[in-house]
Structure formats: structure tokens, C-alpha cells
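Residues per chain are reported as follows:
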Amino acid sequence: MSAQSIDPEVSRPASQPRHEVGALYDVRIPVSDGLELSANLWLPRPLPDEPDETFPAILEMIPYRKDDWRLASDMARGEWLAARGYALCRLDIRGTGSSPGIAEDEYTPRETQDGYDAVEWLAAQPWCNGNVGMWGISYGGFTSIQVAMLRPPHLKAIVPVMATDDRYTDDVHYIGGCVTVSELSQYAVSMVGMNAMPPKPEYRGAGWADEWKARLEKTPVWLFEWLRQQHDGPHWRQGSLAPDYGAIEAAIFSIGGWMDSYVDPVLRMQERCTAPRRSLIGNWVHSLPDDAYPGPNLDWLHEMVRFFDHWLKGVDNGVTDEPGLVLFRREYADPEPFPATWPGEWLGLESWPPSDAGERVFHLAAGRVPLVGGLDDEAGNDPSVERFRHRPTNGTRAALSWGAGGAPNGLARDLRPDESMIPTFTSLPLEEALDVVGFPAAILAWESSAPIATAVVRLSDVAPDGTSAQVTAGILNLTHRDSHASPTALEPGVVTSVRIQMRSTAYRFLPGHRIRLSVASSYWPVIWPSPFSAEYGLHLGGEADSRLVLPTIGGGSLPVPPFKTTTAGLRAIGSSTEEPPTWRVTDDVIAGTVTVTSSEFGEVVLPDGMSSLYTGERLEMTASDDDPAHARMHNEVIYRLRDHGSEVLIEASGTIRSTDADFHMNVGLKVTLDGAPFFERGWLETIPRRLV
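Residues numbered from 1 in each chain as written. Predicted model: local features only at pLDDT ≥ 70, side-chain atom pairs only at ≥ 80, totals over all residues. Heavy atoms only, no water.

### Focus on the pattern of salt bridges
Here the idea is simple: oppositely charged side chains can pair when their charged atoms come close. The condition is simple: Whenever Lys or Arg places a side-chain nitrogen within 4 Å of a carboxyl oxygen from Asp or Glu, that contact is recorded as a salt bridge. Helix numbering and strand numbering both begin at the N terminus, where a helix is a DSSP run of H or I of at least 4 residues and a strand a DSSP run of E of at least 2. Throughout this description, buried means an accessible area under 20% of the type-specific maximum (1.4 Å probe, protein chains only), exposed means over 50%, and partly exposed covers the range between.
On inspection of all chains with the given rule, the structure shows 41 salt bridges. The salt bridge involving Asp-33 is made with Arg-94; its shortest N-O contact spans 3.0 Å. With a gap of 61 residues between them, Asp-33 in the loop between β1 (21–30) and β2 (36–44) and Arg-94 in the loop between β4 (87–92) and α3 (109–123) connect regions that are remote in the sequence. Residue Asp-33 is classed as partly exposed on the basis of its relative accessible area of 39%. Across the salt bridge formed by Arg-151 and Glu-249, the nearest N and O atoms sit 3.1 Å from each other. Of this pair, Arg-151 sits in the loop between α4 (139–149) and β6 (155–161) while Glu-249 sits in the loop between α9 (234–237) and β9 (251–257), and the two are 98 residues apart along the sequence. The exposed category is assigned to Glu-249, whose relative accessible area is 53%. Residues participating in the shared-partner salt-bridge network are Arg-12, Arg-278, Glu-303, Arg-306 and Glu-322.

This is the structure we're talking about:
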């Protein structure tokens, strides 16, 4: 019987809806410094014949406003889980939403301690069976990992979805030691606006406006500290599991997507953590697996409840007998920015790295035409040098951001326009399929005329018709070639061997297709350009032996569990409308610049049917090939909350301009209450560039 013909709800059952549900809003959870944070709770009611029944609790703690922006999804998920015998606690972290205090930064020690305190408070409630789990996507996944590192006695399991174990190497701030642009600007400026939103007046009492104004005056701009911390160190180790993977004792179920920027941590945690663990990776962008593109999709709530059934309810349901890692190995599909699904198949592996892991090495060789080379199975090519100039605007055919998401954050298109300006190395057509599973890497002998340079490598699948479809990519600020904590400048004219690891992937190159590696010095608008005009030399053959290393595994796969692919059936609550998003690339021939702009705006009607929240942002990013030092990004963000006859309007803006020596930042915030000015402030900051 095939897996597709098996009913997963029968063969892999999870808790079914048996309980009536109650909801409690603005529950005050005391934490150890005396504050009482605001939470919403959805509680199962004991069955009539089990009046003393108790239940596990699941905690999600994030700064994304439980009382308006996320209220509808929280309600739907809370009701669904409570009906299945779980209490869902949705906590506003301190200084956000309706929780008091100041949000000094993301993932502070105090915030993580709040999570510890909340876990233990939940476990002590009379309706709780003493077992607590945590879950969350992105920020909530981070907090799940971070709180688990403190080992609260009653935290038994966590489900981090698209989260990271290392805040420096895998988050929105830096990639390979390079400052990000598109992701940093979207998140950093939007959080200026989000953090400026008020607490819910009914929950904070008569002094809510004074409390709100104090929050506005004291909440810092998180972006400034992030840009001061350009190298790895104590700031980024706070909240990072790496390198102490043994810190977590709770069971871990990690979920990731190949098109999300947080996929590498899934494999690292699967390999290095010592707690009971399992992992799931699909094709997905930064969104939940039941509706994220590209498919195939699955009911992740079914998977999460099965996991919690075992670890929080003690159900012997076979979760621990399934493969430790299940991943989707994809195949070629014509590149498009928002594909619904990709072909391929699920693979089951007992552990990571797999016992049959190997590698396939291709050596970079010069071709008959400059910048158009080959990939050879055998070493021994004659020494040669491919020389190319620094082009800060290269990269716009790839995804808008390092991790894709909802529109306008789409995926790569056909890469050939980008590849025409940079060195490429292409294999002969493959005679048989080649499976690449793991972390590809390029080892390059690099010569730079400038002390700061960036290496960007992209692995692509070249179809028989010539279309070049990106598989994965890697980025490294070459001053970080030996250390993210203590970078060192390049010595101009000296050939240096560097290893650029790419983001992990699981991909099958089909017979008749060709493998291509492209090499560039930029990835606009994903990363900030290195500041100096430069010529680079890529040394090939001889002792230099620049090469591509592809990780492989044997052909075996453990039986893959039959996933539930129908939706969970959450109750539809509220409504939403979206304006058409934009994503444009403009080549200004006279100015010699390339500008990428994007926008997204929409409105949600809250569950009461009367209140609404309008949100949106507009982003503009400009770079120049002839003037690498001077790049610019600008973002404008709006939040407009209409609630029972009152209107709050938040307008935030942020601009970063660079020179060869500094980043110059200008952030503005304007708050209006019922049409009258309530708060306004601007911040100016200049931060030196430190080998970035």
C-alpha cells in the first residue's frame, strides 16, 4: 500500500477535538522583576465525566500584538488547540502590545527570563498537568529555543518553526559578515512602528496614555545597536544556542524551508543538539507549511500536536519511531518568483549528517571566452586567471531577500541576465541524475585590488534550453575568511584561498541538465556592497585549484510518514484585504544606478467586526557600479488602528546612507491620536564601517 493511499489521521493519529473551549483575555502573568505581562489564554474545559481533568499548556511569546494584529489567527489557533486538550497562552513580550515595560532590544536576557517565568507560572495553574511546551514561527521560534536554554523544569518540548540557533550567522542583520539591506530595512524600520503602537486602553486602565507615552520616549531604535555590532561577539551570543548545543534538555521538533533564511539551523540543531529531536524541511518560504509556497504543503498543526501528544500528554503514538529528519528533495522547475509547487519527493533520514554522506568535486576551468568557463571532474587544468570588476548592482535576478516570503518577497527568476556580467563555470550535460543534499561550498583562490571584498557564489541548474534556475547561494565578506569575531583586511594583490559555504539544499540534477557555479562580488539588494571599486582575479588550475564541492548521499531513504495534506480547518475569523504588492528594478542609465523598490499594504478587520488595522511599507534601495561606497536604503512604514471610534496613526521612516567609512542613519517616528499630534521624534546616528 502506498503512503498516498494511507489515511494519515488513522495511521498517525493526533488528539481530536473533544473539549469545549473558554477564552481569557489580558491574563496577568507575574515575572521575577515585579512586572505583570499581558497574555491571552484559550482553555479546554474538562469533560463532564472527568471534572478533575488537567491539560498541558503551550506558550507562544512574540512582540506582534496579540490584541489586534495577530488576534484573529491567535483565536483560531487557540480554539483549535484547546478543543484538542491543550491550553494556548499567547504572551506579549515586555514593552510590546499590552505588556508593560520597555522593549530594549530583541531577545534580551530579561525577555528570556520572562519566558522562563511564564512557563513555570503556567505549570503551576490548577488546570495544568505540569507539562508545558513552546512553539512559534520566526521570533516565537527564537524565544522557544532561548527559553529552553534556561531549562525551566516544566518545559518538556519545543517546536521552533523557521528560527535560528545563531543570531549572527543566520538572522536578518548579517549574512556571511555582510550587512543586509532588504531584510534589515523591512524588519528594523517596521519594528520602530510596531513598537510605537499603544497598549489596549481597556487592559492598562486610566493611565494607559501616560504609559504609552513613556514607552514611546524610552524605547530605543533597535537598528542602531545592530549596526554597531558588525562582528560576532557577546551581543550575538546572547540568545544564540551556538556553540552550546547541549544547553537544551526539552525535546525539539524543528521545522524549516529551503527557501527560508533559517533553514541551516535546522540541520545544525539536528546534528549537534543532545536532547530528543526530529526535523522537517520542505520547499517553503518564511511562512507556515500548510500554505507556504512552493509546495507540496502539509498540515503542520497535525504534526505539532502529534509531537506534543507524546511529550506533553505521554501518548505512545510512534513519534519517536519515525525518521529523525524528513526533507523534500526537489527537482528542476522553470524559475518564477512565486511558484505554487516544485516537483520532487520526500526523503527520510535517521540522522544528520547521514552515514552515507559523500561529496562530488568539480574543478573550475577557463573557457575559450573570458568569464565563461567549465566545471571538470578531474583536476590538473592549466593555471589561468579570470579577472572581473566589482559590480555592486549585480544580483537583482535573484530573490528580493535572502529568505523569501509573501509577495513582494519572491524567489529567483532566470539568472542569465546576472550571469552575463560575471564569471560562470558550467559542467557538461549530466549522463545520470546527481543528488545534492547538504551544504555545497566553493573553494576559490581569490585576488583583490582592495582590502575589503565580498564573494557571492550561486549554484544553478541549467536546463537543456539554457534557462538557469538558482538552486542555492553563499555569501562571505572575505575579511571574515578566518573569523566572524576578528576579521582582517585583505592584502591587495595577494591570492587567498577562501571557502564560501552555501545555504543547505536537497536537490536532484536531472540527466541532460548542467551544473553551473557563478561568482560575483555583490548580491543587490540582499547585502550592502563592499565600499571600494576593485578588480578581482579568480585563479584557476594548477596549485590554486578553485573548485565546487557538492555534498551527496546514497540513494537510500527510510520510509516517510504519510503526511496529512488537508488543512487543519481553523475557524475563519475576521477578514482582510490587500493592495497589489510591487517589486520593481529600475536601471537609471544617466545616474548609473540600479534601484529596487517594493511595497505592500493591506487591512485586517478585527474579530469584533468593527475595529481594523491598516499596515504597510514602501522600500527603496539604490546602488551604483561606479560608486560602490555610496548606497542607500529608505523605508516608510504605516500602522493605522481604528478601534471603537478612536484612531491611532503611526508613521515611521528610516534611511541608511553609506560612504566608504560610515553608515549614516536617519529614523523618524510620528504618532497621531484621533487626528491630533501625540508624539514625534527623530534620531540621527553615524556608525563607522568596520571592514564591511
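### Here we look at unusual backbone geometry
A cis geometry characterises the amide bond from Trp-352 onward to Pro-353, with omega recorded as -5 degrees. Along the chain, Pro-353 falls in the loop between β12 (344–349) and β13 (358–369). Phi at Arg-65 is positive, roughly 50 degrees, even though this residue is not glycine. Here Arg-65 lies in the loop between β3 (55–62) and α2 (71–83). Arg-65 gets classed as buried once you look at its relative accessible area, which sits at 4%.

### Overview of the nonpolar core
Inclusion rule: Definition of nonpolar core: a set of buried residues of the types Ala, Val, Leu, Ile, Met, Phe, Trp, Tyr and Cys, connected through side-chain atoms within 4.5 Å. Working rule for contacts: check all heavy atoms of both residues, and any pair within 4.5 Å makes them a contact.
Grouped together as the largest cluster of nonpolar side chains are 158 residues, with contacts concentrated most on Trp-135 and Leu-669. Here Trp-135 is in contact with Ile-58, Leu-59, Glu-60, Arg-77, Leu-88, Gly-140, Ser-144, Val-159, Val-161, Leu-288, Trp-300 and Met-304, once residues within four sequence places are set aside. Residues Leu-371, Leu-434, Leu-476 and Leu-548 belong to the second largest nonpolar core, which totals 38 residues.

### Quick notes on the layout of surface pockets
Where empty space is left can be seen by rolling a probe of water-molecule size over the atoms. Note the threshold: Put simply, the grid is 1 Å and covers the protein atoms alone, a cavity is a trapped set of points that fit a 1.4 Å probe, a pocket is an open set with protein on both sides within 12 Å along at least five of seven lines, and lining residues have an atom within 4 Å of a point. Grid points are joined across faces, edges and corners, and a volume is the space filled by probe spheres set on the points. Polar here means any residue other than Ala, Val, Leu, Ile, Met, Phe, Trp, Tyr, Cys and Pro, which are nonpolar, and Asp, Glu, Lys and Arg, which are charged; Gly is therefore polar.
Estimates place the volume of the second largest pocket at around 950 Å³. Along the wall of the second largest pocket there are 47 residues; nearest its centre are Asp-264, Arg-268, Phe-439, Gln-501 and Met-502. When contributions to the lining of the second largest pocket are tallied by element, the ones reaching two or more residues are β7 (174–175), α10 (264–272), β13, β17 (434–438), β20 (468–477), β21 (495–501) and β25 (547–552). The element contributing the most residues to the lining of the second largest pocket is α10, with five residues. Class assignment for the residues of the lining of the second largest pocket results in 23 nonpolar, eleven polar and 13 charged.

### Some thoughts on the environment of Ile-58
Inspection of the secondary structure assignment puts Ile-58 in strand β3. Here Ile-58 falls in the buried class, since its relative accessible area comes to 0%. Contacts of Ile-58, omitting those with residues within four sequence positions, involve Leu-81, Tyr-86, Ala-87, Leu-88, Cys-89, Gly-133, Trp-135, Phe-308 and Leu-312.

### Considerations on empty space enclosed by the protein
Scanning the model with the defined rule gives four cavities of 30 Å³ or more in all. The volume enclosed by the largest cavity comes to roughly 340 Å³. Lining the largest cavity we find 29 residues, and of these Met-259, Arg-330, Ala-412, Gln-470 and Val-471 sit closest to its centre. At the level of secondary structure, the elements contributing two or more residues to the lining of the largest cavity comprise β20 and β22 (505–509). Broken down by element, the residue count for the lining of the largest cavity peaks at five residues, all from β20. The class makeup of the residues in the lining of the largest cavity is 18 nonpolar, five polar and six charged. Empty space within the second largest cavity amounts to approximately 90 Å³. Forming the walls of the second largest cavity are Met-191, Val-192, Asn-195, Ala-196, Arg-215, Leu-216, Thr-219, Pro-220, Val-221, Leu-669 and Trp-683. Within the residue set of the lining of the second largest cavity, elements represented by two or more residues are α5 (182–195) and α7 (208–218).

### Re the packing of α3 against α4
Note the threshold: Axes, fitted as lines to C-alpha atoms, cover a helix only where it is in contact. Angles between the N-to-C directions of the axes lie from 0 to 180 degrees. Each angle is binned into one of four classes, with values under 35 degrees roughly parallel, values over 145 roughly antiparallel, values of 65 to 115 roughly perpendicular, and all other values oblique.
Contact geometry of α3 with α4 gives a least axis separation of 9 Å together with a crossing angle of 75 degrees. When the axes of α3 and α4 are compared, the pair comes out roughly perpendicular. Contacts between α3 and α4 involve Glu-111, Thr-112, Gly-115, Tyr-116 and Val-119 on the former and, on the latter, Tyr-139, Thr-143, Gln-146 and Val-147.

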